[in-house]
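# Residue-level structural notes
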Amino acid sequence: MWLKIRCIVHDVFRTLVPQPHERIPISSSHIPHLLFPHVPLIYMGYLARRPDTFTLRLLLLPLVITVAVGTYFRFMWTDPSLNIYNYGQCLIAQVMCAKAIDFAWRKEGMLKIDEVRPGVARNPDAVKADGDGHPKPIPSDPASPAFAWLYDALELIISSRGLGWKFGVGVHVPHEERSLERNSFLFATLISAVKNYLILDLFESLIKLVPDVGTPHGGTIFKTELPFLYRYALSTAIHVATGTFILAVIDFFYDLATISAVFFLGSSPSAWPPVLDHPWQSDSLHIFWSKRWHQIVREAFFIIGGFFGRIIAGNIGMLFGIFIVSGLFHEFGAYALGRGFDTVVPLFFALQAPLLLCEKVWCKYTGYRVGGLYGRLWVYFCMIIVAQPLNSWLRRGLGGGLMAPPSLSPTRQFIIPYIHHFLNGTGTDILEFIVGST
(Lines give C-alpha, C1' and ligand atoms only; values in the text may rest on other atoms or scores of the structure.)
Protein backbone atom coordinates (compact mmCIF):
# COMPACT_ATOMS: atom_id res chain seq x y z
CA MET A 1 0.00 0.00 0.00
CA TRP A 2 2.76 2.43 0.97
CA LEU A 3 4.61 1.58 -2.22
CA LYS A 4 1.50 2.40 -4.24
CA ILE A 5 1.06 5.72 -2.41
CA ARG A 6 4.73 6.50 -3.01
CA CYS A 7 4.31 5.81 -6.72
CA ILE A 8 1.23 8.05 -6.90
CA VAL A 9 3.05 10.91 -5.11
CA HIS A 10 6.04 10.48 -7.43
CA ASP A 11 3.83 10.55 -10.53
CA VAL A 12 2.01 13.68 -9.35
CA PHE A 13 5.33 15.37 -8.54
CA ARG A 14 6.81 14.52 -11.92
CA THR A 15 3.67 15.72 -13.66
CA LEU A 16 4.15 19.14 -12.10
CA VAL A 17 7.96 19.10 -12.01
CA PRO A 18 9.30 17.18 -15.04
CA GLN A 19 12.86 15.98 -15.40
CA PRO A 20 15.13 18.61 -17.02
CA HIS A 21 15.18 16.81 -20.39
CA GLU A 22 11.37 16.73 -20.42
CA ARG A 23 10.88 20.45 -19.83
CA ILE A 24 9.66 22.74 -22.60
CA PRO A 25 12.15 25.26 -24.06
CA ILE A 26 10.81 28.80 -23.73
CA SER A 27 10.13 30.80 -26.87
CA SER A 28 8.28 34.04 -27.55
CA SER A 29 5.09 32.06 -28.18
CA HIS A 30 5.14 30.90 -24.53
CA ILE A 31 4.87 34.38 -23.00
CA PRO A 32 1.09 33.99 -22.46
CA HIS A 33 1.74 30.68 -20.70
CA LEU A 34 4.23 32.33 -18.33
CA LEU A 35 1.86 35.20 -17.55
CA PHE A 36 -1.25 33.06 -17.03
CA PRO A 37 -0.39 31.77 -13.48
CA HIS A 38 -0.80 35.33 -12.22
CA VAL A 39 -4.46 35.38 -13.26
CA PRO A 40 -5.80 32.90 -10.66
CA LEU A 41 -3.51 34.42 -8.00
CA ILE A 42 -4.85 37.91 -8.70
CA TYR A 43 -8.38 36.54 -8.47
CA MET A 44 -7.45 34.89 -5.17
CA GLY A 45 -6.12 38.22 -3.93
CA TYR A 46 -9.33 39.89 -5.04
CA LEU A 47 -11.42 37.33 -3.13
CA ALA A 48 -9.25 37.72 -0.02
CA ARG A 49 -10.31 41.37 0.07
CA ARG A 50 -13.99 40.49 -0.16
CA PRO A 51 -16.17 39.18 2.72
CA ASP A 52 -17.75 35.73 2.76
CA THR A 53 -15.40 34.18 0.22
CA PHE A 54 -13.68 31.62 2.47
CA THR A 55 -15.11 28.50 0.80
CA LEU A 56 -14.45 29.81 -2.68
CA ARG A 57 -10.84 30.59 -1.78
CA LEU A 58 -10.29 27.09 -0.42
CA LEU A 59 -11.70 25.59 -3.62
CA LEU A 60 -9.49 27.85 -5.74
CA LEU A 61 -6.29 27.05 -3.82
CA PRO A 62 -5.37 23.74 -5.57
CA LEU A 63 -5.78 25.40 -8.96
CA VAL A 64 -3.49 28.33 -8.08
CA ILE A 65 -0.76 26.00 -6.76
CA THR A 66 -1.02 23.54 -9.65
CA VAL A 67 -0.89 26.24 -12.31
CA ALA A 68 2.04 28.09 -10.69
CA VAL A 69 4.21 25.02 -10.07
CA GLY A 70 3.16 23.22 -13.24
CA THR A 71 4.01 26.24 -15.39
CA TYR A 72 7.24 27.61 -13.96
CA PHE A 73 8.82 24.20 -13.34
CA ARG A 74 7.78 22.97 -16.80
CA PHE A 75 9.03 25.74 -19.07
CA MET A 76 12.76 26.42 -19.10
CA TRP A 77 15.34 28.74 -20.60
CA THR A 78 17.68 26.51 -22.60
CA ASP A 79 20.47 29.05 -23.17
CA PRO A 80 22.99 28.15 -20.41
CA SER A 81 23.67 31.84 -19.72
CA LEU A 82 19.95 32.35 -19.03
CA ASN A 83 19.70 29.44 -16.60
CA ILE A 84 19.55 31.96 -13.77
CA TYR A 85 16.03 32.83 -14.95
CA ASN A 86 14.97 29.22 -14.39
CA TYR A 87 16.09 29.71 -10.81
CA GLY A 88 14.21 32.99 -10.51
CA GLN A 89 10.91 31.85 -12.01
CA CYS A 90 10.80 28.78 -9.77
CA LEU A 91 11.37 30.95 -6.69
CA ILE A 92 8.44 33.04 -7.91
CA ALA A 93 6.30 29.91 -8.23
CA GLN A 94 6.99 29.00 -4.60
CA VAL A 95 6.17 32.52 -3.39
CA MET A 96 2.93 32.44 -5.35
CA CYS A 97 1.99 29.14 -3.70
CA ALA A 98 2.74 30.51 -0.22
CA LYS A 99 0.69 33.64 -0.90
CA ALA A 100 -2.23 31.56 -2.19
CA ILE A 101 -2.15 29.42 0.96
CA ASP A 102 -2.04 32.55 3.11
CA PHE A 103 -4.97 34.11 1.25
CA ALA A 104 -7.01 30.91 1.41
CA TRP A 105 -6.74 29.74 5.02
CA ARG A 106 -7.73 33.00 6.75
CA LYS A 107 -11.48 32.71 7.16
CA GLU A 108 -11.98 36.45 7.61
CA GLY A 109 -9.84 37.30 4.58
CA MET A 110 -6.78 39.56 4.49
CA LEU A 111 -7.32 42.52 6.80
CA LYS A 112 -5.49 45.78 7.20
CA ILE A 113 -4.52 46.80 10.73
CA ASP A 114 -7.59 48.93 11.39
CA GLU A 115 -10.16 46.69 9.72
CA VAL A 116 -12.79 44.37 11.17
CA ARG A 117 -13.79 43.05 7.73
CA PRO A 118 -12.14 43.50 4.35
CA GLY A 119 -12.55 47.16 3.47
CA VAL A 120 -14.42 47.99 6.70
CA ALA A 121 -12.37 50.08 9.15
CA ARG A 122 -12.88 49.81 12.90
CA ASN A 123 -12.21 53.52 13.37
CA PRO A 124 -11.42 55.37 10.14
CA ASP A 125 -10.24 58.47 11.99
CA ALA A 126 -7.85 56.68 14.36
CA VAL A 127 -4.11 57.10 13.82
CA LYS A 128 -2.59 53.67 13.52
CA ALA A 129 0.91 52.32 13.41
CA ASP A 130 2.36 49.08 12.21
CA GLY A 131 3.73 46.44 14.54
CA ASP A 132 7.17 48.02 14.78
CA GLY A 133 5.90 51.40 15.94
CA HIS A 134 6.31 53.09 12.58
CA PRO A 135 3.52 55.17 11.05
CA LYS A 136 1.23 53.07 8.93
CA PRO A 137 1.72 53.69 5.18
CA ILE A 138 -0.66 56.29 3.84
CA PRO A 139 -3.40 54.57 1.83
CA SER A 140 -2.74 54.81 -1.89
CA ASP A 141 -5.33 55.57 -4.49
CA PRO A 142 -5.42 53.66 -7.77
CA ALA A 143 -4.43 55.66 -10.81
CA SER A 144 -7.74 54.70 -12.46
CA PRO A 145 -10.93 54.18 -10.38
CA ALA A 146 -12.18 51.78 -13.07
CA PHE A 147 -9.45 49.35 -12.06
CA ALA A 148 -9.94 49.72 -8.30
CA TRP A 149 -10.68 46.00 -7.97
CA LEU A 150 -7.39 45.13 -9.69
CA TYR A 151 -5.47 47.62 -7.58
CA ASP A 152 -7.02 46.10 -4.46
CA ALA A 153 -5.75 42.65 -5.40
CA LEU A 154 -2.31 43.82 -6.53
CA GLU A 155 -1.84 45.91 -3.39
CA LEU A 156 -2.29 42.76 -1.31
CA ILE A 157 -0.09 40.55 -3.51
CA ILE A 158 2.76 43.08 -3.66
CA SER A 159 2.65 43.75 0.10
CA SER A 160 5.09 40.96 0.91
CA ARG A 161 6.16 42.47 4.25
CA GLY A 162 2.58 43.26 5.24
CA LEU A 163 3.15 46.94 6.00
CA GLY A 164 -0.19 48.25 7.22
CA TRP A 165 -1.70 44.74 7.24
CA LYS A 166 -2.47 42.49 10.21
CA PHE A 167 -0.19 39.75 8.90
CA GLY A 168 2.70 42.24 8.97
CA VAL A 169 2.36 43.18 12.65
CA GLY A 170 5.80 42.97 14.25
CA VAL A 171 7.84 43.18 11.05
CA HIS A 172 10.86 45.46 11.23
CA VAL A 173 10.70 48.55 9.01
CA PRO A 174 14.08 50.10 8.11
CA HIS A 175 14.45 53.82 8.74
CA GLU A 176 13.54 55.88 5.69
CA GLU A 177 16.28 58.30 4.67
CA ARG A 178 14.58 59.61 1.53
CA SER A 179 12.15 62.51 1.42
CA LEU A 180 8.55 61.31 1.18
CA GLU A 181 7.67 64.13 -1.20
CA ARG A 182 6.75 62.23 -4.37
CA ASN A 183 9.15 63.77 -6.89
CA SER A 184 12.08 63.86 -4.46
CA PHE A 185 11.36 60.26 -3.45
CA LEU A 186 11.28 59.08 -7.07
CA PHE A 187 14.54 60.89 -7.88
CA ALA A 188 16.32 59.44 -4.83
CA THR A 189 15.05 55.96 -5.71
CA LEU A 190 16.25 56.36 -9.30
CA ILE A 191 19.72 57.31 -8.05
CA SER A 192 19.66 54.28 -5.75
CA ALA A 193 18.69 52.03 -8.68
CA VAL A 194 21.59 53.33 -10.79
CA LYS A 195 24.02 52.85 -7.88
CA ASN A 196 22.83 49.30 -7.24
CA TYR A 197 23.01 48.46 -10.92
CA LEU A 198 26.63 49.60 -11.07
CA ILE A 199 27.45 47.52 -7.98
CA LEU A 200 25.76 44.36 -9.24
CA ASP A 201 27.39 44.82 -12.63
CA LEU A 202 30.84 45.25 -11.06
CA PHE A 203 30.64 42.15 -8.89
CA GLU A 204 28.93 40.03 -11.54
CA SER A 205 31.74 40.92 -13.92
CA LEU A 206 34.41 40.10 -11.32
CA ILE A 207 32.81 36.72 -10.56
CA LYS A 208 32.77 35.92 -14.27
CA LEU A 209 36.53 36.42 -14.40
CA VAL A 210 37.04 33.37 -12.17
CA PRO A 211 37.66 30.26 -14.29
CA ASP A 212 34.81 27.71 -14.13
CA VAL A 213 32.99 29.57 -11.34
CA GLY A 214 31.96 32.37 -13.71
CA THR A 215 30.77 30.07 -16.49
CA PRO A 216 27.34 28.49 -17.13
CA HIS A 217 28.71 24.99 -16.49
CA GLY A 218 29.91 26.13 -13.05
CA GLY A 219 32.79 25.21 -10.81
CA THR A 220 33.83 25.09 -7.19
CA ILE A 221 35.21 28.13 -5.39
CA PHE A 222 37.69 25.85 -3.62
CA LYS A 223 40.70 25.46 -5.91
CA THR A 224 42.47 22.38 -4.55
CA GLU A 225 45.59 23.10 -6.62
CA LEU A 226 46.25 26.22 -4.54
CA PRO A 227 48.06 26.29 -1.17
CA PHE A 228 45.71 26.28 1.84
CA LEU A 229 45.80 30.01 2.63
CA TYR A 230 45.49 31.09 -1.02
CA ARG A 231 42.70 28.59 -1.61
CA TYR A 232 40.51 29.92 1.20
CA ALA A 233 41.45 33.54 0.59
CA LEU A 234 40.16 33.11 -2.97
CA SER A 235 37.01 31.24 -1.88
CA THR A 236 36.28 33.91 0.74
CA ALA A 237 36.73 36.71 -1.80
CA ILE A 238 34.36 34.98 -4.24
CA HIS A 239 31.84 34.34 -1.47
CA VAL A 240 31.88 37.99 -0.31
CA ALA A 241 31.61 39.20 -3.91
CA THR A 242 28.63 36.90 -4.46
CA GLY A 243 26.95 38.14 -1.27
CA THR A 244 27.49 41.77 -2.25
CA PHE A 245 26.10 41.01 -5.70
CA ILE A 246 22.97 39.43 -4.16
CA LEU A 247 22.40 42.46 -1.93
CA ALA A 248 22.70 44.80 -4.91
CA VAL A 249 20.30 42.65 -6.96
CA ILE A 250 17.68 42.73 -4.18
CA ASP A 251 18.01 46.49 -3.79
CA PHE A 252 18.00 47.11 -7.54
CA PHE A 253 14.83 45.18 -8.32
CA TYR A 254 13.13 46.61 -5.25
CA ASP A 255 14.03 50.09 -6.49
CA LEU A 256 12.46 49.28 -9.87
CA ALA A 257 9.31 47.96 -8.17
CA THR A 258 9.17 51.07 -6.00
CA ILE A 259 9.45 53.41 -8.98
CA SER A 260 6.80 51.46 -10.90
CA ALA A 261 4.36 51.43 -7.98
CA VAL A 262 4.77 55.10 -7.07
CA PHE A 263 5.06 56.58 -10.58
CA PHE A 264 2.64 54.41 -12.56
CA LEU A 265 0.19 53.08 -9.94
CA GLY A 266 -0.02 56.11 -7.69
CA SER A 267 1.22 54.23 -4.63
CA SER A 268 2.32 56.28 -1.63
CA PRO A 269 6.10 56.62 -1.07
CA SER A 270 5.54 55.72 2.60
CA ALA A 271 4.37 52.28 1.46
CA TRP A 272 7.85 51.56 0.05
CA PRO A 273 10.45 51.85 2.84
CA PRO A 274 13.93 50.36 2.25
CA VAL A 275 13.99 46.59 1.79
CA LEU A 276 17.36 46.05 3.51
CA ASP A 277 18.70 47.65 6.68
CA HIS A 278 22.51 47.64 6.29
CA PRO A 279 23.08 43.87 6.75
CA TRP A 280 26.85 44.34 7.07
CA GLN A 281 26.25 46.22 10.34
CA SER A 282 24.57 43.26 12.06
CA ASP A 283 26.09 42.38 15.43
CA SER A 284 24.07 39.22 16.09
CA LEU A 285 22.34 36.59 13.99
CA HIS A 286 19.06 37.60 15.61
CA ILE A 287 19.49 41.18 14.40
CA PHE A 288 20.66 39.98 11.00
CA TRP A 289 17.73 37.68 10.26
CA SER A 290 14.92 39.57 12.01
CA LYS A 291 15.81 43.15 11.09
CA ARG A 292 18.68 43.84 8.76
CA TRP A 293 18.03 41.12 6.17
CA HIS A 294 15.04 41.57 3.88
CA GLN A 295 11.66 40.39 5.14
CA ILE A 296 10.05 39.91 1.72
CA VAL A 297 9.37 36.17 2.14
CA ARG A 298 8.93 36.29 5.92
CA GLU A 299 5.21 35.50 5.76
CA ALA A 300 5.72 32.77 3.16
CA PHE A 301 8.21 30.91 5.36
CA PHE A 302 5.91 31.22 8.37
CA ILE A 303 2.86 29.92 6.47
CA ILE A 304 4.62 26.88 5.01
CA GLY A 305 7.06 26.01 7.81
CA GLY A 306 6.65 28.13 10.92
CA PHE A 307 2.92 27.53 11.34
CA PHE A 308 3.24 23.73 11.37
CA GLY A 309 6.48 23.85 13.33
CA ARG A 310 4.76 25.79 16.09
CA ILE A 311 1.94 23.23 16.23
CA ILE A 312 4.50 20.43 16.67
CA ALA A 313 7.00 22.01 19.06
CA GLY A 314 5.92 25.53 20.02
CA ASN A 315 8.20 28.49 19.36
CA ILE A 316 11.29 26.30 18.92
CA GLY A 317 9.43 24.25 16.32
CA MET A 318 8.39 27.46 14.58
CA LEU A 319 12.01 28.62 14.46
CA PHE A 320 13.23 25.35 12.96
CA GLY A 321 10.27 25.18 10.58
CA ILE A 322 10.92 28.66 9.18
CA PHE A 323 14.60 28.01 8.46
CA ILE A 324 14.08 24.50 7.11
CA VAL A 325 11.50 25.83 4.67
CA SER A 326 13.83 28.72 3.81
CA GLY A 327 16.53 26.22 2.84
CA LEU A 328 14.12 24.12 0.80
CA PHE A 329 12.79 27.27 -0.87
CA HIS A 330 16.25 28.28 -2.08
CA GLU A 331 17.24 24.74 -3.07
CA PHE A 332 14.04 23.98 -4.99
CA GLY A 333 14.78 27.13 -6.97
CA ALA A 334 18.30 25.84 -7.65
CA TYR A 335 16.82 22.45 -8.62
CA ALA A 336 15.40 24.22 -11.67
CA LEU A 337 18.99 24.69 -12.89
CA GLY A 338 18.82 21.04 -13.93
CA ARG A 339 21.88 19.99 -11.92
CA GLY A 340 20.20 17.98 -9.17
CA PHE A 341 19.27 18.62 -5.54
CA ASP A 342 21.97 19.47 -2.98
CA THR A 343 21.14 18.93 0.71
CA VAL A 344 23.96 21.26 1.79
CA VAL A 345 21.82 24.35 1.17
CA PRO A 346 18.84 23.27 3.33
CA LEU A 347 21.27 22.11 6.02
CA PHE A 348 22.95 25.51 6.16
CA PHE A 349 19.64 27.31 6.59
CA ALA A 350 18.43 24.74 9.13
CA LEU A 351 21.67 25.36 11.05
CA GLN A 352 20.58 28.95 11.67
CA ALA A 353 17.94 27.77 14.16
CA PRO A 354 20.37 26.15 16.65
CA LEU A 355 22.80 29.05 16.17
CA LEU A 356 20.05 31.49 17.13
CA LEU A 357 19.22 29.32 20.14
CA CYS A 358 22.90 29.48 21.14
CA GLU A 359 22.63 33.29 21.17
CA LYS A 360 19.59 33.02 23.42
CA VAL A 361 21.38 30.63 25.78
CA TRP A 362 24.41 32.97 25.88
CA CYS A 363 22.16 35.87 26.87
CA LYS A 364 20.38 33.80 29.52
CA TYR A 365 23.50 32.58 31.29
CA THR A 366 25.75 35.63 30.88
CA GLY A 367 23.16 38.39 31.15
CA TYR A 368 24.53 40.00 27.98
CA ARG A 369 23.05 39.73 24.54
CA VAL A 370 25.32 38.96 21.61
CA GLY A 371 26.45 42.32 20.21
CA GLY A 372 29.23 44.80 19.72
CA LEU A 373 32.48 44.04 17.92
CA TYR A 374 32.54 40.37 18.94
CA GLY A 375 28.92 39.99 17.89
CA ARG A 376 29.73 41.40 14.47
CA LEU A 377 32.69 39.06 14.11
CA TRP A 378 30.37 36.20 15.08
CA VAL A 379 27.94 37.19 12.30
CA TYR A 380 30.77 37.51 9.78
CA PHE A 381 32.06 34.07 10.78
CA CYS A 382 28.63 32.50 10.27
CA MET A 383 27.84 34.34 7.03
CA ILE A 384 31.29 34.42 5.41
CA ILE A 385 33.06 31.28 6.66
CA VAL A 386 30.33 28.81 7.66
CA ALA A 387 28.20 29.80 4.65
CA GLN A 388 30.84 29.01 2.02
CA PRO A 389 29.30 25.60 1.20
CA LEU A 390 26.54 27.65 -0.45
CA ASN A 391 28.97 27.73 -3.39
CA SER A 392 26.79 24.79 -4.41
CA TRP A 393 24.87 27.32 -6.50
CA LEU A 394 28.03 28.50 -8.25
CA ARG A 395 29.11 24.91 -8.78
CA ARG A 396 25.87 24.37 -10.71
CA GLY A 397 26.38 27.36 -12.97
CA LEU A 398 24.53 30.20 -11.27
CA GLY A 399 27.65 32.38 -11.43
CA GLY A 400 27.57 32.18 -15.22
CA GLY A 401 24.04 33.52 -15.40
CA LEU A 402 23.45 36.73 -17.30
CA MET A 403 22.08 39.58 -15.20
CA ALA A 404 23.65 42.65 -16.81
CA PRO A 405 23.99 42.22 -20.61
CA PRO A 406 27.58 42.89 -21.74
CA SER A 407 26.40 45.75 -23.97
CA LEU A 408 24.86 47.45 -20.90
CA SER A 409 27.74 46.64 -18.57
CA PRO A 410 30.00 49.61 -17.74
CA THR A 411 32.46 47.22 -16.09
CA ARG A 412 32.81 45.00 -19.15
CA GLN A 413 32.67 47.88 -21.61
CA PHE A 414 35.11 50.24 -19.90
CA ILE A 415 36.73 49.09 -16.63
CA ILE A 416 37.92 45.60 -17.60
CA PRO A 417 39.22 46.68 -21.05
CA TYR A 418 41.09 49.54 -19.35
CA ILE A 419 42.66 47.10 -16.88
CA HIS A 420 43.59 44.82 -19.79
CA HIS A 421 45.28 47.72 -21.51
CA PHE A 422 46.96 48.90 -18.30
CA LEU A 423 48.35 45.42 -17.65
CA ASN A 424 49.69 45.34 -21.20
CA GLY A 425 47.20 42.83 -22.47
CA THR A 426 47.59 40.22 -19.75
CA GLY A 427 43.85 40.42 -18.98
CA THR A 428 42.48 37.57 -16.95
CA ASP A 429 45.57 35.45 -17.53
CA ILE A 430 46.84 36.80 -14.21
CA LEU A 431 43.81 35.46 -12.37
CA GLU A 432 44.03 32.20 -14.27
CA PHE A 433 47.68 31.89 -13.27
CA ILE A 434 46.80 32.55 -9.59
CA VAL A 435 44.16 29.82 -9.51
CA GLY A 436 46.33 27.46 -11.48
CA SER A 437 44.13 27.22 -14.59
CA THR A 438 45.41 26.86 -18.10
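Please read these numbers as outputs of a predicted model, since none were measured by experiment. (Residues numbered from 1 in each chain as written. Predicted model: local features only at pLDDT ≥ 70, side-chain atom pairs only at ≥ 80, totals over all residues. Heavy atoms only, no water.)

### Some remarks on the overall build of the protein
Under the convention used in this document: Comment: elements are numbered from the N terminus, with helices defined as DSSP H or I runs of at least four residues and strands as E runs of at least two. Radius of gyration here is computed from C-alpha atoms only, and the compact-globule reference equals 2.2 Å multiplied by the residue count raised to the power 0.38. Relative accessible area decides the class of each residue, using a 1.4 Å probe on protein chains only: under 20% of the type maximum gives buried, over 50% gives exposed, and in between gives partly exposed. Where accessible areas are quoted, they stem from the Shrake-Rupley method and a 1.4 Å probe; at the residue level, only the protein chains shown are allowed to cover. We count Lys and Arg on the positive side and Asp and Glu on the negative side, and we leave His and both chain ends out. The atoms used to mark charge sites are NZ of Lys, CZ of Arg, CG of Asp and CD of Glu.
Scanning the protein from N- to C-terminus turns up 15 helices and four strands. Rg of the C-alpha trace for the protein: 23 Å, near the compact-globule value of 22 Å for 438 residues, within the 12% margin. Along the first, second and third principal axes, the C-alpha atoms of the protein reach 70 × 55 × 50 Å. Looking at the 438 residues of the protein, the share that counts as buried comes to 46%. As displayed, the protein has an accessible area near 22800 Å², and 70% of this comes from carbon and sulfur atoms. Within the protein, the 31 negative side-chain charges are centred at a point lying 7 Å from the centre of the 36 positive side-chain charges.

### Concerning a nonpolar patch on the surface
What counts, and what does not: Patches were defined on residues exceeding 30% relative accessible area and lacking a salt bridge, with like-charge contacts within 9 Å and nonpolar side-chain contacts (Val, Leu, Ile, Met, Phe, Trp, Tyr) within 5 Å. Whenever Lys or Arg places a side-chain nitrogen within 4 Å of a carboxyl oxygen from Asp or Glu, that contact is recorded as a salt bridge.
A cluster of nonpolar side chains, namely Leu202, Leu206, Phe414, Ile415, Tyr418, Ile419 and Phe422, defines an oily patch on the protein surface of about 740 Å² accessible area. Every element with two or more residues in the nonpolar patch is listed here: α7 (182-207) and α14 (410-422). Counting residues per element, the nonpolar patch draws most heavily on α14, which supplies five residues. Assessed through its relative accessible area of 56%, tyrosine 418 is described here as exposed.

### Some points on empty space enclosed by the protein
In plain terms, the rule: In the cavity and pocket records, a cavity denotes points on a 1 Å grid over the protein atoms alone where a 1.4 Å probe fits but cannot get out, a pocket denotes an open set with protein on both sides within 12 Å along at least 5 of 7 lines, and lining residues are residues with an atom within 4 Å of a point. Grid points are joined across faces, edges and corners, and a volume is the space filled by probe spheres set on the points. Gly is placed with the polar residues, together with every amino acid not listed as nonpolar (Ala, Val, Leu, Ile, Met, Phe, Trp, Tyr, Cys and Pro) or charged (Asp, Glu, Lys and Arg).
The full count for this structure, using the stated rule, is two cavities of 30 Å³ or more. Every residue lining the largest cavity is counted, 14 residues in all, and those nearest its centre are Lys99, Asp102, Ser160, Glu299 and Ala300. Residue assignment for the lining of the largest cavity shows that the elements contributing at least two residues are α5 (83-105) and α10 (298-335). Split by residue class, the lining of the largest cavity holds nine nonpolar, two polar and three charged.

### Things to note about the packing of α7 against helix α8 (residues 228-264)
Selection criterion: Think of each axis as a best-fit line through the C-alpha atoms, taken over the contacting stretch in the case of a helix, with angles from 0 to 180 degrees between the N-to-C directions. What sets the label is the angle itself: under 35 degrees gives roughly parallel, over 145 gives roughly antiparallel, 65 to 115 gives roughly perpendicular, and the rest give oblique. Handedness of each helix crossing follows the sense of rotation of the near helix against the far helix: counterclockwise by less than a right angle gives left-handed, clockwise gives right-handed.
In the contact formed by α7 and α8, the axes pass within 8 Å of each other and the chain directions differ by 150 degrees. For the element pair α7 / α8, the angle class is roughly antiparallel. In this structure, the crossing between α7 and α8 has a hand that is left-handed. Its residues assigned to classes, the contact of α7 with α8 comprises 17 nonpolar, six polar and four charged.

### What about unusual backbone geometry?
A positive phi is found at aspartate 52, a non-glycine position, where the angle reads about 60 degrees. Looking at the element boundaries, aspartate 52 is found in the loop between α3 (38-48) and α4 (54-72). Look at aspartate 52 and you get exposed, because its relative accessible area is 74%.

### Describing the nonpolar core
It is characteristic of soluble globular proteins that their nonpolar side chains tend to be buried jointly. Put simply, the rule reads: Joining through side-chain atoms within 4.5 Å is the link that ties buried Ala, Val, Leu, Ile, Met, Phe, Trp, Tyr and Cys residues into a set, and such a set is a nonpolar core. Any pair of residues with heavy atoms lying within 4.5 Å of one another is described as a contacting pair.
Judged by nonpolar contacts, the single largest core of 50 residues is most densely connected at Tyr87, Leu200, Leu285, Trp289, Trp293 and Met383. For this core, the elements supplying multiple residues, two or more each, are α5, α7, α8, α9 (285-292), α10, α11 (344-366) and α12 (372-385). In terms of residue count, α8 provides more of this core than any other element does, 10 residues in total. Apart from the residues within four sequence positions on either side, leucine 200 is in contact with Phe245, Ala248, Val249, Phe252 and Ala404. Formed by 29 residues, the second largest nonpolar core is a distinct cluster that contains Val17, Cys97, Phe167 and Tyr335.

### Things to note about α9
Every buried residue of α9 is listed here: Leu285, Ile287, Phe288, Trp289 and Arg292. Buried-residue contacts for α9 involve α10, α11 and α12.

### Considering the side chain of threonine 244
The topology assignment puts threonine 244 in helix α8. Using a relative accessible area of 16% as the deciding quantity, one classes threonine 244 as buried. Contacts of threonine 244, omitting those with residues within four sequence positions, involve Ile199, Phe203 and Trp280.

### A look at the layout of surface pockets
In this structure, the second largest pocket occupies an estimated 660 Å³ of space. Forming the walls of the second largest pocket are 25 residues, and the residues nearest its centre are Ser192, Lys195, Asp251, Leu276 and His278. Going through the elements one at a time, α7 and α8 are the ones with two or more residues in the lining of the second largest pocket. Residues that form the lining of the second largest pocket fall into these classes: 12 nonpolar, six polar and seven charged.

### Topic: the confidence of the model for the protein
Keep this limit in mind: Every residue is assigned a pLDDT by the predictor, reflecting its confidence on a scale from 0 to 100.
The predicted model of the protein has a mean per-residue pLDDT of 89, with 91% of residues at 70 or higher. Across residues 126-131, where pLDDT falls below 50, the model places 15 contacts with residues more than four positions away in sequence or in other chains. Ignoring residues within four places in sequence, the model shows residues 433-438, a span with pLDDT below 50, making nine contacts including any to other chains.

### Thoughts on the pattern of salt bridges
Oppositely charged side chains may form a pair once their charged atoms are brought near each other. Following the criterion strictly, the structure yields 16 salt bridges and no others. Among the ionic pairs, glutamate 115 bridges to arginine 49, the shortest N-O distance being 2.9 Å. Separated by 66 residues along the polypeptide, glutamate 115 in strand β3 (residues 115-117) and arginine 49 in the loop between α3 and α4 bring together distant segments of the chain. On the accessibility criterion, glutamate 115 (6% relative accessible area) is buried. Arginine 50 is the salt-bridge partner of aspartate 152, the closest N and O atoms lying 2.8 Å from each other.

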